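What the coordinates show
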Amino acid sequence: MTQRREHRSQVGIVGAGPAGLVLAKLLARAGVDSVVLEARSRSYVEARVRAGVLEAPTVELLREAGVADRLDREGMPHSGIALRFADAPGGPAQDHRIDFADLVGKGITVYGQQEVVKDLLADRIDDAGLPVEFEVSDVEFHDVTTDAPSITWTAADGSAHRLHCDVVAGCDGFHGGSRAVAGAGGDLTVAERSYPFAWLGVLAKAAPTTDELVYAHHDRGFALYSMRSPEVTRLYLQVPPETDPGDWSEARIWDELQTRLARPGFTLNEGEFLEKPGVTGMRSMVAGPMRRGRLFLAGDAAHIVPPTGAKGMNLAIADVRVLAEAITRFYAGAGEGGFDGYSETCLRRVWRAEHFSWFMTSMLHRFDPGTEAGDPFGVGLQRAQLRYTVSSRAAATSLAENYVGLPHGAV
Ligand code: APR
Ligand code: PHB
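Before going into details, it helps to say that this report is about the structure given with it. (Residues numbered from 1 in each chain as written. Chains lettered and ligands numbered in written order. Predicted model: local features only at pLDDT ≥ 70, side-chain atom pairs only at ≥ 80, totals over all residues. Heavy atoms only, no water.)

**Some details on the pattern of salt bridges**
We apply this condition: Each reported salt bridge corresponds to a side-chain nitrogen of Lys or Arg within 4 Å of a carboxyl oxygen of Asp or Glu. Helix and strand definitions here come from DSSP, where helices need a minimum of 4 consecutive H or I residues and strands a minimum of 2 consecutive E residues; each element is numbered from the N-terminal end. Per-residue accessibility, obtained with a 1.4 Å probe over protein chains only, is compared with the maximum for each type, and a residue is labelled buried under 20%, exposed over 50%, and partly exposed between these values.
The tally for this structure, following the rule as stated, stands at 28 salt bridges. For Lys 25, the salt bridge identified is with Asp 123, shortest N-O distance 3.0 Å. Here Lys 25, found in helix α1 (residues 18–29), pairs with Asp 123, found in helix α6 (residues 113–127); they are 98 residues apart in sequence, far enough to count as distant. Take Asp 123: its relative accessible area is 15%, and that puts it in the buried class. Between Arg 260 and Glu 256 there is a salt bridge, and its shortest N-O distance comes to 2.9 Å. Taken together, the residues Arg 260 and Glu 256, both in helix α8 (residues 250–260) and 4 residues apart, mark about one turn of the helix. Each of the two residues, Arg 260 as well as Glu 256, counts as buried. Within this structure, Arg 70, Glu 74, Glu 115, Lys 118 and Asp 119 form a network of salt bridges that share partners.

This is how it looks when you write it as C-alpha cells:
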C-alpha cells in the first residue's frame, strides 16, 4: 500500500453543496484557509437540479461575498406568489396574490440552486485557483473532540490522504456521514416528521405563462408552478410517497398538471422534458446540537425541510454565515469561546423555517387526495386557513415575511 499523504489547513470542509461552498468562500474572505472534499464530480454537482428560490437575506449575503454577478444578471426577482384554490368545494379555482413588495417591502429571486453552486465553484477554482477535491471516497472524521481533528479520504486516483485542521465542517447533506459522527458523543437529538406524500418534479422547455410562482391546492393533490428562466418551467405534483416516476408518462404528467393548475383564463404551456422526472420524499428533520467538539454540522447534514417553503438552501447558507463568523472569532483570539452559541443561533432560525415549511405543507397538500369521502374536517381547516391567509393583511404579512426570509439573526 502506498503511503498516506499528509496535508494541513485551518478548516476541513466535507461537501461541496451550497453549505460547504459558501462556508469556504466566507472563510477565504476572512483570511482563513480551507480544503473542500466532495464525493461527486464537478459536472455532477453542477447539474444536480434542486429548488430555486433565494430569500432576500441569501441574495444580500451572496452579494456581500462577491459571488452574485451572474445572479444579479440572470436571477428573476419576484415580488409575490399566488395561492390558487377554489373558494367553494367543486367551484372554479382563483388566484390570490401574496404581494411581498407591498406587505414586507422585499422579494425573492428565482435562480436554480445548481446555478449558485456553479458560480461558487467557478469563483473558487477558476478565479481564485483554490482546490476542491472531487470524487473522494472513504471520508472519515477523526479526533473531533480534541483541538487537532483530522479527516482521511481516498482520492479519485486511489491515493490515501489525511488533512490536519483546527476545525472540521460537516456540510455533506442529508445522506452524509457527519451527523452520525456528531451523534457518537451521545447528546445529539434528532426530531423528525414524515409526510404521507412526495413530489414528482419536472423541468420542461416551455415558456412560463405567468411571472410568479403558483401554489395550487386541489382535490386531487397539491401542484406547484415554478420556473428557471424565460424558456424553462419547473413543475411539481403531489404524489404518493412510494411513486415510481417510471409509471408517469409525459402525457400523464401534463394531464395531471393541467387538471390541478386549471383556472379560468390560465394556460399552462407544455414542452419537452429537459431531464427525467424525479420523486422527492417529504420530511422534516432537525439534529441538535449542531456541534460536537471541533466538528460543526451545517445545512442538510443537520436539518431538512419539506420543499413547500423553499427554505433548504437558504437555511444552509444562513448556517454557514454563523459558522464563518464563529471560526473568524476563534482565530481572532476568542479561542473556544468563539464557537459558543453557534448551534443555538442556527437552531432558532432552523426551527422557525421548520414551522413555516410544515405550515405551508399542511395547508396546501391533500392528506386524502382524490378520495370520495375524504377527510372533510382536515379539508375544512385547510380552506379556512387558505381563506384567512389571503383575506387578512396580518396573516398574509406573516406568510410574506417568512417566505422572503426573516433577516439573519432576527429570531
Ligand atoms: N464525502 C464527501 N462529500 C459528500 C459525502 C461524503 N461522504 N456525502 C455527501 N457529500 C456531498 C454531496 O455529494 C453533496 O454535494 O455533500 C454535498 C452536500 O450538498 P447538499 O446536499 O446540496 O447540502 P447542503 O450544502 O447542506 O445544501 C442544502 O441542498 O438538499 C438541498 O434542498 C436542499 O437546498 C438545500 C440544500
Ligand atoms: C423550485 O422552483 O424548484 C421551487 C420553488 C418553490 C418551492 C420549491 C421548489 O417551494
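On we go.
**Regarding helix α11 (residues 376–391)**
Since the α-helix packs 3.6 residues into each turn, any two residues three or four apart lie on the same face. This is how the line gets drawn: To estimate the expected span of a helix, count its residues, drop one, and scale the result by 1.5 Å. In this description, the arc belongs to the directions extending from the helix axis to the C-beta atoms. A contact between two residues is defined here by any heavy atoms of the two lying within 4.5 Å.
In a regular helix each residue adds 1.5 Å, so 16 residues correspond to 22 Å; α11 covers 22 Å between its end C-alpha atoms and thus fits that length. Of all the residues in α11, the buried ones are Gly 378, Val 379, Gln 382, Arg 383, Leu 386 and Thr 389. Buried residues of α11, viewed axially, fall in a sector of 135 degrees; they line one side. Summarising the geometry of α11, the exposed residues directed more than 90 degrees from the buried face are Pro 376, Phe 377 and Ser 391. On its buried side, α11 packs onto β6 (80–86), β7 (93–99), α10 (342–364) and α12 (393–404).

**Regarding the site of ligand 2**
What counts here: The nearness test applies per residue and asks whether one of its heavy atoms lies within 4 Å of the molecule or strand. N or O atoms closer than or at 3.5 Å make up a polar contact, with two conditions inside protein: a donor-capable atom paired with an acceptor-capable one, and, for residues adjacent in sequence, both atoms drawn from side chains. Per-residue accessibility takes into account occlusion by the displayed protein chains alone, with areas from the Shrake-Rupley method and a 1.4 Å probe. Here a cavity means grid points, on a 1 Å grid over the protein atoms only, where a 1.4 Å probe fits yet cannot get out; a pocket means an open set of points with protein on both sides within 12 Å along at least five of seven lines; lining residues are those with an atom within 4 Å of a point. If over half the atoms of a molecule are within 2 Å of the grid points of a cavity or pocket, the molecule is regarded as sitting in it. Under the scheme applied, nonpolar residues are Ala, Val, Leu, Ile, Met, Phe, Trp, Tyr, Cys and Pro; charged residues are Asp, Glu, Lys and Arg; polar residues are all the others, including Gly. The domain boundaries here were taken from an automatic or database domain assignment.
Contacts to ligand 2 come from 14 residues, most closely from Tyr 215, Ser 226, Arg 228, Tyr 236 and Pro 307. Between ligand 2 and Arg 228 there is a distance of 2.7 Å, counted from an oxygen atom to a side-chain nitrogen or oxygen. Interatomic distance of 3.2 Å between a backbone N/O atom of Thr 308 and an oxygen atom of ligand 2. Considering ligand 2 on its own, with 280 Å² of exposed area, one finds that the protein chains cover 100% of that surface. Placement of ligand 2 is best described as lying within the largest cavity. Residue assignment for the shell around ligand 2 shows that the elements contributing at least two residues are β16 (223–229) and β17 (232–239). In terms of residue class, the shell around ligand 2 is built from 9 nonpolar, 3 polar and 2 charged. Residues from two domains meet in the shell around ligand 2; each of domain 1 (5–68 + 112–191 + 283–356) and domain 2 (78–107 + 194–281 + 366–404) gives at least three.

**Overview of the site of ligand 1**
Near ligand 1 lie 24 residues; those nearest to it are Glu 38, Arg 48, Arg 50, Gln 113 and Asp 300. One nitrogen or oxygen atom from the main chain of Ala 39 is found 3.0 Å from a nitrogen atom belonging to ligand 1. Interatomic distance of 2.4 Å between a side-chain N/O atom of Asp 300 and an oxygen atom of ligand 1. For the shell around ligand 1, the elements supplying multiple residues, two or more each, are α1 and α9 (312–334). No other element matches the 3 residues that α9 contributes to the shell around ligand 1. Looking at the shell around ligand 1 residue by residue, the classes come out as 11 nonpolar, 7 polar and 6 charged.

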